[in-house]
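Structural description and commentary
These are the residues of each chain, in order.
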Amino acid sequence: MRLSNFFLSPQTPAAAAPPLAAGLSRRKCLQSFSVLGGALLFSEQSLAGAQIEEPLIDSVRTALSSAIASQAPPVPEFRDTESRLAYLRWLGAMSDRLWKKKPEWQIRKEFLQTVWYESKRAGLDVALVLGLIQVESNFRKFAVSRVGARGYMQVMPFWTRVIGDGDAGKLFHMQTNLRFGCVILRHYLDREKGDLFLGLGRYNGSRGKAVYPDAVLGARKQWELTA
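Model, not experiment: these values are computed from the prediction.

Take the overall build of the protein chain next. Helix and strand content of the protein chain: nine helices and zero strands. Seen in sequence order, the protein chain has helices and strands lined up from the N terminus as α-α-α-α-α-α-α-α-α. When each of the 227 residues of the protein chain is scored for burial, the buried share is 42%.

Mapped onto the secondary structure, Gln 134 falls in helix H5 (residues 126–137). In terms of polar contacts, Gln 134 uses its side chain to reach the side chain of Trp 223, at 2.8 Å. For Gln 134, the contacting residues outside a window of four places in its chain are Phe 139, Ala 219, Gln 222 and Trp 223.

Of note, Asn 138 is a non-glycine position whose phi angle comes to about 55°, a positive value. Counting through the fold element by element, Asn 138 comes out in the loop between H5 and helix H6 (158–162). For Asn 138, a relative accessible area of 18% puts it in the buried group.

Taken as a whole and judged by the stated rule, the model has eleven aromatic pairs. Members of the aromatic cluster, each reached through a chain of ring pairs, are Phe 78, Tyr 87, Trp 90 and Trp 116. The ring centre of Phe 111 lies 5.1 Å from the NZ or CZ of Lys 102, which sits over that ring.

For the pair helix H2 (residues 58–69) and helix H7 (residues 174–191), the least separation of the axes is 9 Å and the interaxial angle reads 150°. Handedness of the crossing formed by H2 with H7: right-handed. Between H2 and H7, the residues in contact are Val 60, Leu 64, Ala 67 and Ile 68 and Arg 179, Phe 180, Val 183 and His 187, respectively. Residue classes in the contact of H2 with H7 are distributed as six nonpolar, one polar and one charged.

Before going further, it helps to spend a moment on the environment of Asp 195. Along the polypeptide, Asp 195 turns up in the loop between H7 and helix H8 (196–204). Residue Asp 195 is classed as partly exposed on the basis of its relative accessible area, which comes to 31%. Polar side-chain contacts of Asp 195 include one of 3.0 Å to the backbone nitrogen of Leu 198.

All right, on to helix H9 (residues 211–220) then. Within the sequence span of H9, burial applies to Tyr 212, Pro 213, Val 216 and Ala 219. One side of H9 holds all its buried residues, which, seen down the axis, span an arc of 135°. Buried positions along H9 lie against H5 and H8.

Another aspect to go through is the environment of Glu 192. Locating Glu 192 in the fold gives a position in the loop between H7 and H8. Expressed as a C-alpha distance, the spacing of Glu 192 and Arg 202, which sit ten residues apart in the sequence, is 8.8 Å. Polar side-chain contacts of Glu 192 include one of 2.8 Å to the side chain of Arg 202.

Counted under the stated rule, the structure contains twelve salt bridges. For the salt bridge of Arg 179 with Glu 118, the shortest nitrogen-to-oxygen distance reads 2.8 Å. Note that Arg 179 is positioned in helix H7 and Glu 118 in helix H4 (residues 105–121), a separation of 61 residues in sequence. Look at Arg 179 and you get buried, because its relative accessible area is 3%.

Okay, the confidence of the model for the protein chain next. In this model, the protein chain carries a mean pLDDT of 82, and residues with pLDDT of at least 70 account for 78%. Segment residues 1–46 is flagged for pLDDT under 50; beyond a separation of four residues in sequence, or across chains, it makes 37 contacts in the model.

As for its position among the elements, Val 162 is in helix H6. Ignoring anything within four residues of it in the chain, the contact list for Val 162 reads Glu 53, Leu 56, Arg 61 and Ser 65.

So, about the nonpolar core. Judged by nonpolar contacts, the single largest core of 50 residues is most densely connected at Trp 90, Phe 111, Leu 130, Ile 133, Met 153, Trp 159 and Tyr 203. Among the elements that line this core, the one with the most residues is H7, at nine residues.

Interhelical geometry of H4 versus H7 gives an angle of 30° and a closest axis separation of 9 Å. As far as their axial angle goes, H7 and H4 are roughly parallel. The crossing of H4 and H7 is right-handed. Judged by residue contacts, Glu 110, Phe 111, Thr 114, Val 115, Tyr 117, Glu 118, Ser 119 and Arg 121 of H4 engage Met 174, Gln 175, Leu 178, Arg 179 and Cys 182 from H7. When its residues are assigned to classes, the contact of H4 with H7 shows six nonpolar, three polar and four charged.

About the cut-offs
- Residues numbered from 1 in each chain as written.
- Predicted model: local features only at pLDDT ≥ 70, side-chain atom pairs only at ≥ 80, totals over all residues.
- Heavy atoms only, no water.
- Helix = DSSP H or I, 4+ residues; strand = E, 2+ residues; numbered from the N terminus.
- Buried < 20%, exposed > 50% of the residue type's maximum accessible area, 1.4 Å probe, protein only.
- Polar contact = N/O pair within 3.5 Å; in protein donor to acceptor, adjacent residues only side chain to side chain.
- Contact = heavy atoms within 4.5 Å.
- Phe/Tyr/Trp six-rings, centres within 6.5 Å; stacked < 30°, edge-to-face > 60°.
- Lys NZ or Arg CZ within 6 Å of the ring centre and 35° of its normal.
- Axes fitted to C-alpha atoms, helices over the stretch in contact; angles between N-to-C directions.
- Left-handed = near helix turned anticlockwise from the far one by under 90°.
- Nonpolar A, V, L, I, M, F, W, Y, C, P; charged D, E, K, R; others polar.
- Arc of directions from axis to C-beta.
- Salt bridge = Lys/Arg side-chain N within 4 Å of Asp/Glu carboxyl O.
- pLDDT = per-residue confidence, 0-100.
- Core = buried A, V, L, I, M, F, W, Y, C linked by side-chain atoms within 4.5 Å.
- Parallel < 35°, antiparallel > 145°, perpendicular 65-115°, else oblique.

So this is what it looks like as structure tokens:
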């Protein structure tokens, strides 16, 4: 059964380092680099939020559980040759844009194919999902936020208990993470009657604030396929 049926709406060697300045110990240097690294990591994750656990009525819980249950591999299907060619054009264009984040072709291809598949399955704009992934995890499979959100789409572990089998470790599996993320985003958009600003804010746990929705919608433009 299609997911839309469950929802209301569809290396050059480094140069020799200069001597340490007087009075500046190696330990202090290392501490400084550690602080700087932490600051950079924080800035990368500063927009990664946390979905808030809310009570779900039984029918919604059942629908969401069914939506993430299928183990079918993410193999795109096309109604005609033109649709397949359009997908291949999209894949080529997105691959060129993503290669710095994922330099290995096979990994990049599998990731994009799965994003495309899960986005379409949930009735979502693929560029929107890619923009969200960029903002949430910067395309890092094993990203973990300060509050424990995991993976590409920074899914909170409680969702595996609410609508899954309770194994939060599976959120580091590519397709599982993308499926959960797309299903959850679709759920939030439906709750907000399709309002992207409010739906994205709810996904991030910052409903009503502009920073996160604006960041995702801005990032989406980088993943739109232009003619």
